Amino acid sequence: MSGGEACDGKKLVRSSSGLRMVPEHHAARSPFGLDEPPWVPDKDCPRCMQCETKFDFITRKHHCRRCGKCFCDKCCSKKVPLPRMCFVDPVRQCAECAFISQKETEFYDKQLKVLMNGATFSVARGTSEKSEMMVCRLSNNQRYLFLDGDSHYEIEIAQISTVQILTEGFTPGGGNTRATGMLLQYKAPGSEELTQMKFTASEDFNSNKKLSAAWLAAMHKAAKLLYESRDQ
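Predicted, not measured: the structure shown is a model, and the values here were computed from it.

Would you mind going over the domain arrangement of the chain with me for this structure?
In many analyses, interface size is given as the accessible surface area lost on bringing the parts together. By the assigned domains, the chain splits into domain 1 (10-112) and domain 2 (118-168 + 180-231). Taken together, the 13 residues of domain 1 in the interface contact 13 residues of domain 2. Three residues stand out in domain 1 for area buried against domain 2, namely P31, F32 and Q111, and they jointly supply 43% of the buried area on that side. Joining domain 1 to domain 2, the criterion identifies 1 salt bridge. As a salt-bridge pair, E228 and R84 come within 2.9 Å of each other at their nearest N and O atoms.

Given below as structure tokens:
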């Protein structure tokens, strides 16, 4: 088992927001994860931060588990899964956050599996024109990108700087585009210089084309979540 596939222990913790299943060590957390936000203090929110209804003994205040803001029950009634914060059960969220979390559900339910199952690409490193056929997949702990062929690479997801999806088929009139590859820049261990890799989908089989396109779409979404986590 490679270092990137090492099993990370987890523990169950209880916070004011609910039960969470988190890694025992913070360094082992998923790069797509989000920290729990601080709650707006009760004394600072006499009114709902959405509809401005005044709180009293009848109108109770609730905190959104994703943004930490304070809302009335009407504006914060949905309980939605929030895997980016490792919650065991669906948690209360405001309408805006619930909408975002529901969109992210597809990534966790479908696209993560696509990334972990992997796809085959022709991979060129740096400015070299020499390429190698490699199976690319996300590690089970979501922290590494594995590239396996005659060579083997482990790219730490947290060290990825940019992800650019390459497409073809665009027309000025707005035709359909197809993902054909990816440019990825990252920092290798012990280096401050960026390393670039170019991934090109194989043209050998139609089935592989579809698998590669699905993998690239999932990687595009993963990159967006990665940037969001860094900006938190």
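Still to come is the rest of the account.
I'm lost on the UniProt feature "domain: FYVE-type" (unreviewed entry) in the chain in this one. Help?
The positions UniProt marks with the feature "domain: FYVE-type" (unreviewed entry) are residues 42-97. With 5% helix and 21% strand, residues 42-97 has its two end C-alpha atoms placed 20 Å apart.

Sorry, what's going on with the nonpolar core here?
The tendency in soluble globular proteins is for nonpolar side chains to be buried as a group. One finds F32 and W215 to be the most contacted residues of the largest nonpolar core, which totals 33 residues. Those elements that provide at least two residues to this core are helix 1 (95-117), strand 7 (119-125), strand 8 (131-138), strand 9 (144-148), strand 11 (160-168), strand 12 (178-187), strand 13 (194-201) and helix 2 (206-231). Per element, the largest residue contribution to this core is 8 residues, and it comes from helix 2. What W215 contacts, discounting residues up to four positions off in sequence, is V114, L115, G118, A119, F121, C136, R137, L145 and M182. Counting 11 residues, the second-largest nonpolar core is a separate cluster that includes C70, C72, C94 and C97.

Procedures and definitions
Residues numbered from 1 in each chain as written. Predicted model: local features only at pLDDT ≥ 70, side-chain atom pairs only at ≥ 80, totals over all residues. Heavy atoms only, no water. Domains from an automatic or database assignment. Contact = heavy atoms within 4.5 Å. Buried area = accessible area lost by both parts, 1.4 Å probe. Salt bridge = Lys/Arg side-chain N within 4 Å of Asp/Glu carboxyl O. UniProt positions renumbered as here; feature names shortened; annotations may be inferred. Helix = DSSP H or I, 4+ residues; strand = E, 2+ residues; numbered from the N terminus. Core = buried A, V, L, I, M, F, W, Y, C linked by side-chain atoms within 4.5 Å. Buried < 20%, exposed > 50% of the residue type's maximum accessible area, 1.4 Å probe, protein only.

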